[in-house]
Amino acid sequence: MTIQIEIEKVSFQYPGVEEPVLDNVSLSVHQGDFLGIIGSNGSGKSTLCKLINGLIPHYYVGDYSGKVTVNGLVTTEHKVTDFSSHVGYVYQDFENQLVSPRVLEDASFAPLNFGYADYLERGKKALDLVGLKNHDDEFIWQLSGGQKHQLALAGALALDPDILIIDEPIAQLDPEHATQIYAILKKLNQEYGKTIIVIEHHTEFIADYCNKVVLMDKGKVVWNKETKEALTEVNELLQRQIYPPQVTLAAYQLGYSKEVLPVTVEEAEVFFQTVSQRERKNNIENDKEFTKRERLIQIRDASFSHKLVDRSKKQVVKGINIDIYKNDLIAFVGNNGAGKSTLMRLLTGLVKPETGEILVQGQNTRHCSPEKLADVVTYIYQNPEEMFIEDCVRRDVEFFLKARKVPGFEEQVDRVLKQFELTELQDKDSRLMSGGQQRRASLAIGVAMNPSIILLDEPTANLDIATRKHITKLIDSLQAQVGAVLIATHDMQLVTEWANRIIVLHEGEIIHDGNRESVFSNHTLLEKAGLKPPQILELSRRMKQKNLAYTVTDFVQSIDTKERLLNGVY
């Protein structure tokens, strides 16, 4: 096959940074590849991709050496604009790529500015390719998160590039829209022959869609392998804190050899079909026990509407009724735009209900300022940088306590910094830290406020799997310090491993309030809310296990050791 991208011995170091972010990297990408790039946060994945469209070295300055050739063009010998018709790029923060008020205007922006007379036709074709036909005149803010991602992809496609790079395609999307995005990428790859490169932490998606995988570590390309071979390198992946698909990890923990490990649910279903199972105890709290505990929050007939540009209103929360109790670990789940984040903001008093009332530990949010409610409720934003005010971690963590003149706050700050493993980073600017470090810092800020209730908006978004697991453990530890923890999330692994109560929202309404059994055994509910079970749960369901396995540990424990001995595993 034709080599389309050739990276030869490239090194790159940002100004003021001690170590190179890319260290003598070489990589060949063939035309028609669907390539997944994996590696921990800070391994150089995004920087590598910025070589391909010339952003490095033309836009991002630094010490650069080596050679990059794309479709026969050497990047140092051409302008960034010369690569626009060859390489389309969708960034992790894709909403920053949306520059026009209406859908068709945005999709046509690039060909218009390149002087193409048929710019509108190009925009329409791109919208059709990504599944946004008949949305031409809609305003950007009318779109869901998934549709905005599709629009950013359309903007990248409008110049008809034969290479597409997508950084974290599903980081901010609900499971349904995540699957839709990958289905679009698959179509572009298989039917239109485009080379697709994704930076991806979710190895289950890599297993289902990619044909090649590049592993990066500390600025180096460790290897470039076929997907099956790559994802069954379990030892090597785990050593680098990268987690293979759940079904692969389950088979590995059961002692099967690398040569037979499955990587997709379909492979695993065949692989495990002869293995017997044993029953497990259900350790999820019974719904009826909720009513026996202290009530912290009472929501009655609460509704809320956003005002639109034309002064009309769009109702985003509709007649919500819910009680939240002490020791609740609640996951709010549902499609993008279901009302999860809005509902949590209502609990902080930052916005007031249009109708109905919300009582937080007896205080009516309608008549209580956000500053007063902050003594009870802490809201930790999806973007950690929104939590940072000062110029170092310690000052950010102590800010609230100093403002409230809490006696002896220094000792409390020391304790929180230690809890979140930030003591060594306390003098560092929070904005200059890695994604995982920033997330830990934002959690520390919230916990230092000593609230009764903590609200977290997408706490594991944009993190690699190892960091997500670490953050999950930290979130789990919060239940010993606060009355209730509420999260809004698309991370179904977090939901199944952590929550004792799952509240499903759809179009501003609560359509289910239960536990993981009641949610993930209800096919109609999952389809309506755009939820996709974790890979190991889907396998468990396909195998018709009496007790569904919600985690890899559940699944491994459900397999009979005696059967494995008979099969010669040990």
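Residues numbered from 1 in each chain as written. Predicted model: local features only at pLDDT ≥ 70, side-chain atom pairs only at ≥ 80, totals over all residues. Heavy atoms only, no water.

(A) Layout of the sheet that holds strand E9 (residues 212-217). Pairing in this open sheet of 6 strands is mixed, and the strands run E6-E7-E8-E3-E9-E10 from one edge to the other. The open sheet has two edge strands with one neighbour each: strand E6 (87-90) and strand E10 (220-226). Here the average twist between neighbouring strands, direction ignored, is 15°. In the sheet, strand E7 (residues 163-167) pairs with strand E8 (residues 195-199) via 5 bridges, with the strands oriented parallel. Paired with Ile-165 across the bridge in E8 is Ile-197. Helix-sheet contacts for helix H1 (residues 45-52) involve strand E3 (34-38), E6, E7, E8 and E9, and the interaxial angle to E8 is about 150°. Strands E3, E7 and E8 of the sheet are contacted by helix H7 (residues 175-190), whose axis makes an angle of about 150° with E8. (Pairing = 2+ DSSP bridges. Helix = DSSP H or I, 4+ residues; strand = E, 2+ residues; numbered from the N terminus. Axes fitted to C-alpha atoms, helices over the stretch in contact; angles between N-to-C directions. Contact = heavy atoms within 4.5 Å.)

(B) The arrangement of helix H13 (residues 340-348) in detail. Most of H13 sits inside the fold, with 7 of its 9 residues counted as buried. Every buried residue belonging to H13 is among Lys-340, Thr-342, Leu-343, Met-344, Leu-346, Leu-347 and Thr-348, and all of these are buried. Positioned one or two residues after H13, Gly-349 has a phi angle of 80°, which is positive. (Buried < 20%, exposed > 50% of the residue type's maximum accessible area, 1.4 Å probe, protein only.)

(C) Molecular detail of the packing of helix H11 (residues 246-253) against helix H22 (residues 535-542). Direction vectors running N to C along H11 and H22 enclose 75°, while the axes themselves pass 8 Å from each other. In terms of their interaxial angle, H11 and H22 are classed as roughly perpendicular. In this structure, H11 uses Gln-246, Val-247 and Ala-250 to contact H22, whose residues at the interface are Gln-535, Ile-536 and Leu-539. The class makeup of the residues in the contact of H11 with H22 is 4 nonpolar, 2 polar and no charged. (Parallel < 35°, antiparallel > 145°, perpendicular 65-115°, else oblique. Nonpolar A, V, L, I, M, F, W, Y, C, P; charged D, E, K, R; others polar.)

(D) Representation of the UniProt feature "domain: ABC transporter" (unreviewed entry) in the protein chain in the model. Within this numbering scheme, the UniProt entry marks residues 5-243 and 297-532 as carrying the feature "domain: ABC transporter" (unreviewed entry). Within residues 5-243, the helical portion is 33% and the strand portion 25%, while the C-alpha atoms at the span's ends are 28 Å from each other. (UniProt positions renumbered as here; feature names shortened; annotations may be inferred.)

(E) Looking closely at the packing of aromatic side chains. On inspection of all chains with the given rule, the structure shows 12 aromatic pairs. Look at Tyr-256 and Phe-271: their rings are 4.8 Å apart centre to centre, the planes differ by 75°, and that puts the pair in the edge-to-face class. Of the two residues, Tyr-256 is situated in the loop between H11 and helix H12 (265-271) and Phe-271 in helix H12; the sequence distance between them amounts to 15 residues. Residue classification places Tyr-256 among the buried positions, given a relative accessible area of 16%. The partly exposed category is assigned to Phe-271, whose relative accessible area is 22%. (Phe/Tyr/Trp six-rings, centres within 6.5 Å; stacked < 30°, edge-to-face > 60°.)

(F) Layout of the environment of Ala-529. Examined against the element boundaries, Ala-529 turns out to sit in helix H21 (residues 523-529). Ala-529 sits 26 residues away from Ile-503 along the chain, and the two C-alpha atoms are 11 Å apart. Not counting the four nearest positions on each side in its chain, Ala-529 is found in contact with Gly-334, Asn-335, Val-504 and Ile-511.

(G) Structural detail: the nonpolar core. By size, the foremost hydrophobic cluster in this structure holds 52 residues, and its most contacted members are Val-397, Phe-420, Val-485 and Phe-520. The element contributing the most residues to this core is helix H17 (residues 435-448), with 6 residues. Not counting the four nearest positions on each side in its chain, Val-397 is found in contact with Val-413, Val-416, Leu-417, Ala-444, Ile-445 and Ala-448. Of all hydrophobic cores here, the second largest spans 47 residues; its members include Ala-154, Ala-158, Ile-196 and Val-263. (Core = buried A, V, L, I, M, F, W, Y, C linked by side-chain atoms within 4.5 Å.)

(H) Main features of unusual backbone geometry. Omega for the peptide link from Ile-56 to Pro-57 comes to 15°, which places this bond in the cis form. Its identity is not glycine, yet Lys-218 carries a phi of approximately 50°, on the positive side. Its place among the elements puts Lys-218 in the loop between E9 and E10. By relative accessible area, which is 70% here, Lys-218 ends up exposed.

(I) Representation of the pattern of salt bridges. The tally for this structure, following the rule as stated, stands at 29 salt bridges. Among the ionic pairs, Glu-269 bridges to Arg-542, the shortest N-O distance being 3.4 Å. Taken together, the residues Glu-269 in helix H12 and Arg-542 in helix H22 connect sequence positions 273 residues apart. For Arg-542, a relative accessible area of 31% puts it in the partly exposed group. (Salt bridge = Lys/Arg side-chain N within 4 Å of Asp/Glu carboxyl O.)

(J) Expanded view of the pairing of E10. Across 6 bridges, E9 lies against E10 in antiparallel orientation. Across the sheet, residue Val-214 finds its bridge partner in E10, namely Asn-224. Count of turn residues in the E9/E10 antiparallel hairpin: 2 residues, of which Lys-218 carries a positive phi of about 50°.

(K) Main features of the pairing of E3. Most of E3 is tucked away, with 5 of its 5 residues classed as buried. Of the pairings in the sheet, the one linking E3 to E8 comprises 4 bridges and is parallel in character. The residue bridging Phe-34 from the neighbouring strand is Ile-196, located in E8. Note that E3 and E9 share 4 bridges and pair parallel. Paired with Leu-35 across the strands is Lys-212, a residue of E9.

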